[in-house]
Structure formats: C-alpha cells, structure tokens
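This is what each chain is made of:
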Amino acid sequence: MTKLLVTGGLGFIGSNFILNVLKKHADFTILNVDSETIGSNHESLSEINSSENYTFVKGDITDSTLMNDLISGCDVVVNFAAESHVDRSISDAKPFIDSNILGVFTILEILKKHKKKFLQISTDEVFGSINSGSATENFKLNPSSPYSSSKGAAELLVNSYVVTYGVDAFITRCTNNFGPRQFPEKLIPKTILLANQNKKIPIYGSGKSIRDWIFVDDHCNALMKIIFDGQPGESYNISACNEYDNLTVVKKILAIMDKPDDLLNFVQSRPGEDIRYSMDSSKTRSNFHWKPEVNFEEGIQNTVDWYLKNKAWWQNLDSKSLSSIYS
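Just so it is clear, the model here is predicted, and its values are computed rather than measured.

(A) Focus on the pairing of strand 5 (residues 117–123). Counting buried positions along strand 5 gives seven out of seven residues, so the element sits mostly inside the fold. Here strand 4 (residues 76–79) runs beside strand 5; their pairing, made up of four bridges, is parallel. Residue pairing across strands places valine 76 opposite lysine 117, the latter belonging to strand 5. Here strand 5 pairs with strand 6 (residues 168–174) via seven bridges, running parallel. If you follow leucine 119 over to strand 6, its bridge partner there is phenylalanine 170. For the crossover that starts at strand 5, traverses helix 5 (residues 146–165) and ends in the parallel strand 6, the hand is right-handed.

Right, dumping it as structure tokens:
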C-alpha cells in the first residue's frame, strides 16, 4: 500500500489529483492536509469522504509538529499547498511568503530527518514573460509578481536541500490549468459564472496576454507518471501547447454559452502583467511517455458544462470569498 501525503488537497489541482489517483489506484492511500483558507472546498472531495483510502486533516504546512507527524507515516509528499492568485499577491504578499516559502522550508527541514520523496508543484510563472520560443527546464528564473517570486524562491530552497542535505526532492512546473473545481477568482471559472448571470467580465488591458492552457486531468496524469521516477534535483515542465490570449479564451466561453460579446469590460492591466507564458515539455514527454489527451475545445466545453451542472459547488462558497469576483 503506497501512502501519499497531499498538501493543499482541497484546492483546485490538489482535489483533482486526489480523485484521479484514487480512481485509478486501489492500492494507494491519501492523507490530505489543508488549512481551509481561500480556495479550499470540501465539496470538491465529497464523493470520497467515506473512502477508507482517504483521510483529511486540517492543518497548516508551516506547523512543524503536525507536519513531522504526518510526513513520518507517508511514502511521498506532494505539495500543492500554496497561495496562488497573482492579484491577491499584489495586494498583500505576506500570505504568499508564509505558505509558499516558509511552508516549503518547514517540509524540507523535516525531510532531512525522515528521508521521504518530495514533489514540489511549481508554475510556469517562475520564468516570467517569454518573448519568443518556450522555456526549457534550464531557463533562468525571472519571476515578475510576489506570487511567482515566492514559487521561484521555493524552487531554489528545494534544490539547495537536495545538494546540501541529500533530500530526495524534485520539481514540476505546469502551465495554466483549467477544469472542474477551480476557485472562481481565476479567469475561466470567473468568466463562466459572470456570463451565467449576464454580468460584465473584466479583461485586463487589451486582453492579449497569452497563456498556455492544460486541462487539469492531463496535469494530474503527468504527475502520476513522474511521481515515482522523478530524480532528485531535477525539474520537469508540463505543458499542452494550447497558447491563447485571454480575450480569445473569454470569447470562446461566451460562444459556448451563447452570450454576447458586449459583456466584455476592458480594465486597466494589473502591475507587472506578463505578456506570454510558454514552456517546452519535451523532457517530460520523452522521459515519462506522457502527452496531453484533452484538446482545448473539448476541455473548455467540459468545464462550462461542469460549472453549470454543479451550481451547488460554487453557490456554497462564502459570500466574502465571492464578493471581489462579482464586484
């Protein structure tokens, strides 16, 4: 029986990862530790709450006593726990420093003693804006926001603990995920929910910032291929080569929902807006025989359908969390 400790498993990617693993691997058990802050939702895992292979613990990854107890009983630690919204990092960077840097430091200190395998989930945003071509794993880190800087700092910490202490840790970086169970502050679910209510949809600047989009299940499938064969100190890019600007993405959603373009509301760009993210995932594809299976159009249709069929999931989010989204 393989025991995974998943941190931040009530969030978007973490919850989809847990469901993905337990559906495909009856011999896995998962212990999920989550601090139940913004973006966490127990409804995301309601279908497995009674599973003997799943256990939830409320806690913070900066709590060294708790994390020591949890890590000692697992085989692999998969760290999804992170503050992840760029806009909120610009407004208040401290929670991002606490979770994304100090939390990783806490885990790494414990791993010096327990010698477990550690997978740090990072982001393409650590490379900053890519003017041409695509970033390989060896590109220099060039983050622009407090969020991406905190993730870049965590990567450097991980690498230092591999070299200095022999910790068995490695990193994956993924492009923009989309799909079911994503907190509505992000572009795609926010667009779906605002359009569903015929409310204006804010578009930063001209809407021409480009992101590479990947359906969350494809990301989870890549992680499961990497998780046991990833090598200490290595990083692995995960991307689907679906590069679209934000305006195109929003218009695709409006077309699916049969909503008019006059819902678009162009607003001032946020500070430090990166124009384009792009990663080369050749290393991951060749080393782990992985490739994405869900094309962008299929994934967007599936995502719109899920949010419209699962209104209880997002309507039950607390009003404070949603106030900035609907304002």
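(B) Focus on the packing of helix 6 (residues 187–196) against helix 8 (residues 246–256). Between helix 6 and helix 8, the least distance of the axes is 10 Å, while the angle of their chain directions is 40°. Between helix 6 and helix 8, the angle is such that the two are oblique. As for how helix 6 packs across helix 8, the hand of that crossing is right-handed. Judged by residue contacts, Leu187, Ile188, Thr191, Ile192 and Ala195 of helix 6 engage Asn246, Val249, Val250, Ile253 and Leu254 from helix 8. Residues that form the contact of helix 6 with helix 8 fall into these classes: eight nonpolar, two polar and no charged.

(C) Molecular detail of empty space enclosed by the protein. With the rule as written, the count across this model stands at one cavity of 30 Å³ or more. What the largest cavity holds in volume is close to 50 Å³. Around the largest cavity sit Val86, Glu125, Ser145, Arg211, Arg270, Pro271, Gly272, Glu273, Asp274 and Tyr277, which together line it. Of the residues that constitute the lining of the largest cavity, the class distribution is three nonpolar, two polar and five charged.

(D) Seen up close, the sheet that holds strand 1 (residues 2–7). One open sheet holds the seven strands; their spatial order is 3-2-1-4-5-6-10, and the pairing between them is parallel. Whereas interior strands pair on both sides, the edge strands pair on one side only; in this sheet they are strand 3 (54–58) and strand 10 (235–238). Strand-to-strand, the axes of this sheet are offset by a mean angle of 20°, without reference to chain direction. One ladder, built from four bridges, connects strand 6 with strand 10; its direction is parallel. Opposite threonine 172, over in strand 10, you have tyrosine 236 as the bridge partner. Sheet strands in contact with helix 7 (residues 216–226) are strand 2 (28–34), strand 5, strand 6 and strand 10, and its direction is about 155° off that of strand 10.

(E) Looking closely at a nonpolar patch on the surface. On the surface, a cluster of nonpolar side chains totalling about 230 Å² of accessible area is made up of Ile97, Leu102 and Phe105. Inspection of the secondary structure assignment puts isoleucine 97 in helix 4 (residues 94–114). According to the relative accessible area criterion, isoleucine 97 is partly exposed, its value standing at 34%.

(F) Broad picture of helix 7. Within helix 7, nine of the 11 residues are buried, which leaves the element mostly enclosed by the surrounding structure. Those residues of helix 7 lying buried are Val216, Asp218, His219, Cys220, Asn221, Ala222, Leu223, Met224 and Ile226.

Cut-offs applied
- Residues numbered from 1 in each chain as written.
- Predicted model: local features only at pLDDT ≥ 70, side-chain atom pairs only at ≥ 80, totals over all residues.
- Heavy atoms only, no water.
- Buried < 20%, exposed > 50% of the residue type's maximum accessible area, 1.4 Å probe, protein only.
- Helix = DSSP H or I, 4+ residues; strand = E, 2+ residues; numbered from the N terminus.
- Pairing = 2+ DSSP bridges.
- Right-handed = clockwise from strand over helix to strand, strands pointing away.
- Axes fitted to C-alpha atoms, helices over the stretch in contact; angles between N-to-C directions.
- Parallel < 35°, antiparallel > 145°, perpendicular 65-115°, else oblique.
- Left-handed = near helix turned anticlockwise from the far one by under 90°.
- Contact = heavy atoms within 4.5 Å.
- Nonpolar A, V, L, I, M, F, W, Y, C, P; charged D, E, K, R; others polar.
- 1 Å grid on protein atoms, 1.4 Å probe; cavity = no way out; pocket = protein on both sides within 12 Å on 5 of 7 lines; lining within 4 Å.
- Points joined across faces, edges and corners; volume = space filled by probe spheres on them.
- Patch = residues over 30% accessible without salt bridge, like charges linked within 9 Å, V, L, I, M, F, W, Y side chains within 5 Å.
- Areas by Shrake-Rupley, 256 points an atom, 1.4 Å probe, with all protein chains shown as cover.
- Salt bridge = Lys/Arg side-chain N within 4 Å of Asp/Glu carboxyl O.

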